[in-house]
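Structure at a glance
Listed here are the chains, written in short residue letters.
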Amino acid sequence: MENPHAERQNVLLQRIIKNADKCTEAILELNSCLEARLQRDQPPPFQTYIVLQGIIQADAHVKTAADLVTKYRKNVQYNLEATRSAAHTDA
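The shown structure was predicted, so the numbers you read here are calculated from the model rather than taken from an experiment.

1. Quick word on the overall build of the chain
- A count of helical and extended segments in the chain gives two helices and zero strands.
- Its C-alpha radius of gyration of 20 Å places the chain more than 25% over the 12 Å reference for a compact globule of 91 residues.
- Reported as C-alpha extents along the three principal axes, the dimensions of the chain are approximately 70 × 15 × 15 Å.
- Put simply, the chain has 91 residues, and 22% of those count as buried.
- Approximately 7,200 Å² of the chain is accessible, and the part contributed by carbon and sulfur atoms is 57%.
- Where the 11 positive side-chain charges of the chain centre and where its 11 negative ones centre are 4 Å apart.

As structure tokens, then:
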């Protein structure tokens, strides 16, 4: 019999990862739009340029966090599978 808590945790982690991936995709799209705006022929006013640069830098931190969550989820999945296989071989 499998651990219902581990199954519930796995489901929750999958939902978190799915949402983090969606967030990462949106941020990457936003960054590309902002970078395209910065590279147009007519440069934006200086204050707008500073704000756009700040957004791009902040988004980089969010992408890093999303990547860490993805790696964490993969590690948790691996450990859950290893625990299950160890429990089945002990039984």
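2. Some remarks on the environment of C23
- Here C23 lies in helix 1 (residues 4-38).
- Residues C23 and A82 lie 59 residues apart in sequence; the distance between their C-alpha atoms is 30 Å.

3. Describing helix 1
- The terminal C-alpha atoms of helix 1, which comprises 35 residues, lie 51 Å apart, in line with the 51 Å expected from a rise of 1.5 Å per residue.
- Within helix 1 the residues assigned to the buried category are A6, N10, L13, I17, A20, T24, I27, N31, L34 and L38.

4. Quick look at the side chain of N10
- Note on placement: N10 falls in helix 1.
- For N10, a relative accessible area of 12% gives the class buried.
- In contact with N10, not counting residues within four places along its chain, are R73, Q77, L80 and R84.

5. A word on the environment of I56
- With respect to the helices and strands, I56 occurs in helix 2 (residues 46-90).
- Overall, I56 belongs to the buried group, its relative accessible area being 14%.
- Sequence separation between I56 and L28 is 28 residues; the distance between their C-alpha atoms is 9.3 Å.
- Not counting residues up to four positions away in its chain, the partners in contact with I56 are N31, L34, E35 and L38.

What counts, and where the lines are drawn
Residues numbered from 1 in each chain as written. Predicted model: local features only at pLDDT ≥ 70, side-chain atom pairs only at ≥ 80, totals over all residues. Heavy atoms only, no water. Helix = DSSP H or I, 4+ residues; strand = E, 2+ residues; numbered from the N terminus. Rg over C-alpha atoms; globule rule 2.2 N^0.38 Å. Buried < 20%, exposed > 50% of the residue type's maximum accessible area, 1.4 Å probe, protein only. Areas by Shrake-Rupley, 256 points an atom, 1.4 Å probe, with all protein chains shown as cover. Lys, Arg positive; Asp, Glu negative; His and termini not counted. Charge placed at Lys NZ, Arg CZ, Asp CG, Glu CD. Expected span 1.5 Å × (residues − 1). Contact = heavy atoms within 4.5 Å.

Without other data, these values stay purely geometric and don't point to any function.
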